Amino acid sequence: DETALVIFTPSGKRGRVPVGTTVLEAARKLGVDLDSVCGGRGICSKCQVSPGTGSFPKHNVTVAEDALSPWNAVEARYDEKRGLPEGRRLGCQARVQSDVVLDVPPESQVHKQVVRKRAEAREIVMSPAVRLYYVEVEEPDMHEPSGDLERLAAALAEQWSLPGATAGLTVMHGLQPILRKGEWKVTCAVFQSSEGAAPRILKVWPGFHDGPLLGLAVDLGSTTIAGHLCDLASGAVVASSGIMNPQIRFGEDLMSRVSYSMMNAGGADEMTRAVREGMNRLIAELTAEVGAVPRDILDAVLVCNPVMHHLFLGIDPYELGQAPFALATSAAMTLRAPEVSLDLHPEASVYLLPCIAGHVGADAAAVTLSEAPEKSRDLVLVVDVGTNAEIQLGDAAGGVMACSSPTGPAFEGAQISSGQRAAPGAIERVEIDPATKEPRYKVIGSDLWSNEDGFDLAIATTGVTGICGSGIIEMVAEMRMAGILDASGLIGSAEQTGTDRCFPDGRTHSYRVRDADDLGREIVVTNKDIREIQMAKAALYSGARLLMDKRGVDTVDRIVLAGAFGAHISPKHAMILGMIPDCPLDKVSSAGNAAGTGARIALLNREARAEIEATVRDIRKIETAIEPRFQEHFVNASAIPNAVDAFPNLE
Ligand code: FES
């Protein structure tokens, strides 16, 4: 039989196929990733390719004008009805006649790369757990009685090699009219947790359906719930939004919520209801933004810390409030939306990443998935700063260790006299002149510094309302550099510092940053504020240092700051404060919301779910509370930057 050479780009895969083979068949045979939803019936146009002509010296082949068969009736009809882009052919209709070079555009690849956002450490390759399949189903026959679902399952097995498909009751409710309306041609959304796993039919549409498939990635934090609505075919984020966690009314931080549940009968249930209602509000908001409804969401991934994990699932977090901090389960979970009262499609899955340990949750696992320390060639310290700091240290050669350290809410501006959440009006950048001790600062919502003309005008609506977490870190570091603060964390008197911004305040001194405005708001840093920051940063540093001890190193190659807070910290100031270990400043980077990115990776790529489950099993968990050296490091790390550890990169 006559054969022809087929070369696919950009993969470079090549091979000979019998003349007359369709491009789609050739792609399957050569293992080329070419999409198809309709199974080669000329309906979906997912199989589009761009044939080249002329000579291709790189591939040592010359392609004739008629290397592919001329348009057949199916392709012509498709072009007439919907229009094929210039130069494109339907791979399932065009047949190979002689040697040919075929380009597969990104939109025709199932496993396409998702366009990477800045700060994302790894690329995401599409491999969603939910995909669409068009099938033609046998009509019922009195002589061979069988159910409609059984014939649909048989069609999926035969036409798509998806044997053993099952369907839930909500699918059965509409199945018979849909099959008849589509004249036995239907499109199914099918969930498969991995290749070869049991397929589950989630939804069926009459005829060919090509609407967007929506998935949801949620980072359920103690303060905010952030969601990304994604297109499960392209990987694009179509809507993002965040709301305050409604559980805040039961307690600002996690431990106060755990105690709320201990003190109040039914308290945990109340918090479970609150967080699920909050999630549903967020889901309604996100879908409305793209003209969809919550039921259009067919797959979801959730990451959160252990307490939120339990409260979301409706498990009393009692055990997490006391040693030995046992989780009800640390395993990953695949649930159905109605089990956790989420207004998604009733057949949609909700996947929860595994928790690493009692204090290191699925959010930390999502950071692992996003930053992949276990694949790093250099030794990387990954720090996610929140009310707890989750710290990971590792590389490909030595594996990964993780711990958490109780930093408290000071880094979020809580328990700081002029502290506040990051919001317009909050001081976020600070500089203090070492000679005059005069501060200048920038507030969120304005690009101007306090000593620039127009600053007060630019912030007229908010005024200067307080200092946020990143602002307080810069403030304390700048105060130390300007000599207002000594290494032990004491604010000097006016005589000692030479500025009357320092004034006696009880038994210590405070530093006045801004005089009272018309509303009586003044910005002051007290010695108690400094103590709070010292405790928080010492906790963070000692956690990191403990992992470095266990690993037997004194330095790390690079540091990744994760979390919304990490994105705003100035590495220089964090190091001057002794919050993070010494490291070349250009090796300190921000990963943005790495937990949210990890959730999105698990949503778009089903293999990533198995991957993170395996990685988490291998992570060595360190419990800081029982490590004697932790206390020692903590005491040393209370000094600014540190009583014993050196910071050569700050010289
Ligand atoms: Fe659907 Fe070609 S595979 S149009």
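Note: the structure precedes this text.
Residues numbered from 1 in each chain as written. Predicted model: local features only at pLDDT ≥ 70, side-chain atom pairs only at ≥ 80, totals over all residues.

Q: Give me the lowdown on helix H7 (residues 306-313), citing residues and values where you can.
A: When you tally the buried positions in H7, you get eight out of eight residues, the bulk of the element. Residues of H7 that are buried include every one of Pro306, Val307, Met308, His309, His310, Leu311, Phe312 and Leu313, and no others. Lining the buried residues of H7 we find strand E14 (214-220), helix H5 (254-263), helix H6 (267-289), strand E17 (297-304), strand E19 (349-352) and helix H8 (362-371). (Buried ≥ 20, exposed ≤ 12 C-beta atoms within 10 Å, placed from the backbone. Helix = DSSP H or I, 4+ residues; strand = E, 2+ residues; numbered from the N terminus. Contact = placed C-beta atoms within 7 Å.)

Q: Tell me about unusual backbone geometry, residues and numbers included.
A: The linkage connecting Ala323 with the following residue, Pro324, adopts the cis geometry, with an omega of 0°. Pro641 follows Ile640 through a cis peptide bond whose omega is 0°. Here Pro641 lies in the segment after helix H17 (628-637). One non-glycine residue with positive phi stands out, namely Ser45, at about 60°. Here the phi dihedral of Ala372 falls at roughly 45°; this positive angle occurs in a residue that is not glycine.

Q: Give a detailed account of the packing of helix H12 (residues 527-551) against H17, specifying residues and quantitative values.
A: Following both chains from N to C, one finds H12 and H17 inclined at 130°, their axes separated by 8 Å at the closest point. On the basis of their axis angle, the class for H12 and H17 is oblique. Our pair here, H12 against H17, has a crossing hand that is right-handed. Where H12 approaches H17, its residues Ala538, Ala539, Tyr541, Ser542, Arg545, Leu546 and Asp549 are matched on the opposing element by Arg629, Phe630, His633, Phe634 and Ala637. Residue composition of the contact of H12 with H17, by class: seven nonpolar, two polar and three charged. (Axes fitted to C-alpha atoms, helices over the stretch in contact; angles between N-to-C directions. Parallel < 35°, antiparallel > 145°, perpendicular 65-115°, else oblique. Left-handed = near helix turned anticlockwise from the far one by under 90°. Nonpolar A, V, L, I, M, F, W, Y, C, P; charged D, E, K, R; others polar.)

Q: Quick rundown of the sheet that holds strand E3 (residues 48-51)? Include the residues and the values.
A: Strand order in the open sheet made by the five strands is E2-E1-E7-E3-E6, with mixed pairing throughout. Sheet topology places strand E2 (14-18) and strand E6 (89-90) at the edges, where each strand pairs with a single neighbour. With five bridges joining them, strand E1 (residues 3-9) and E2 adopt antiparallel strand pairing. Along E2, the bridge assignment pairs Leu5 with Arg16. (Pairing = 2+ DSSP bridges.)

Q: Please provide a residue-by-residue account of the sheet that holds strand E25 (residues 466-467), values included.
A: The sheet built from three strands is open, its strands ordered E24-E23-E25 with mixed pairing. Lying at the two open borders of the sheet, with one neighbouring strand each, are strand E24 (439-443) and E25. As paired elements, strand E23 (residues 426-432) and E24 share five bridges and run antiparallel to each other. Residue pairing for E24: Glu431 is matched across the bridge by Arg440. Sitting on the sheet, helix H10 (residues 469-481) is in contact with E23 and E25, with an inclination near 15° to E23.

Q: Quick rundown of the pairing of strand E26 (residues 502-505)? Include the residues and the values.
A: Bridge count between E26 and strand E27 (residues 508-514): four bridges; the pairing is antiparallel. Across the sheet, residue Asp505 finds its bridge partner in E27, namely Thr508. Between E26 and the antiparallel strand that follows it, E27, lie two residues; Gly506 among them carries a positive phi value of about 65°.

Function cannot be inferred from these measures alone, as they are strictly geometric.
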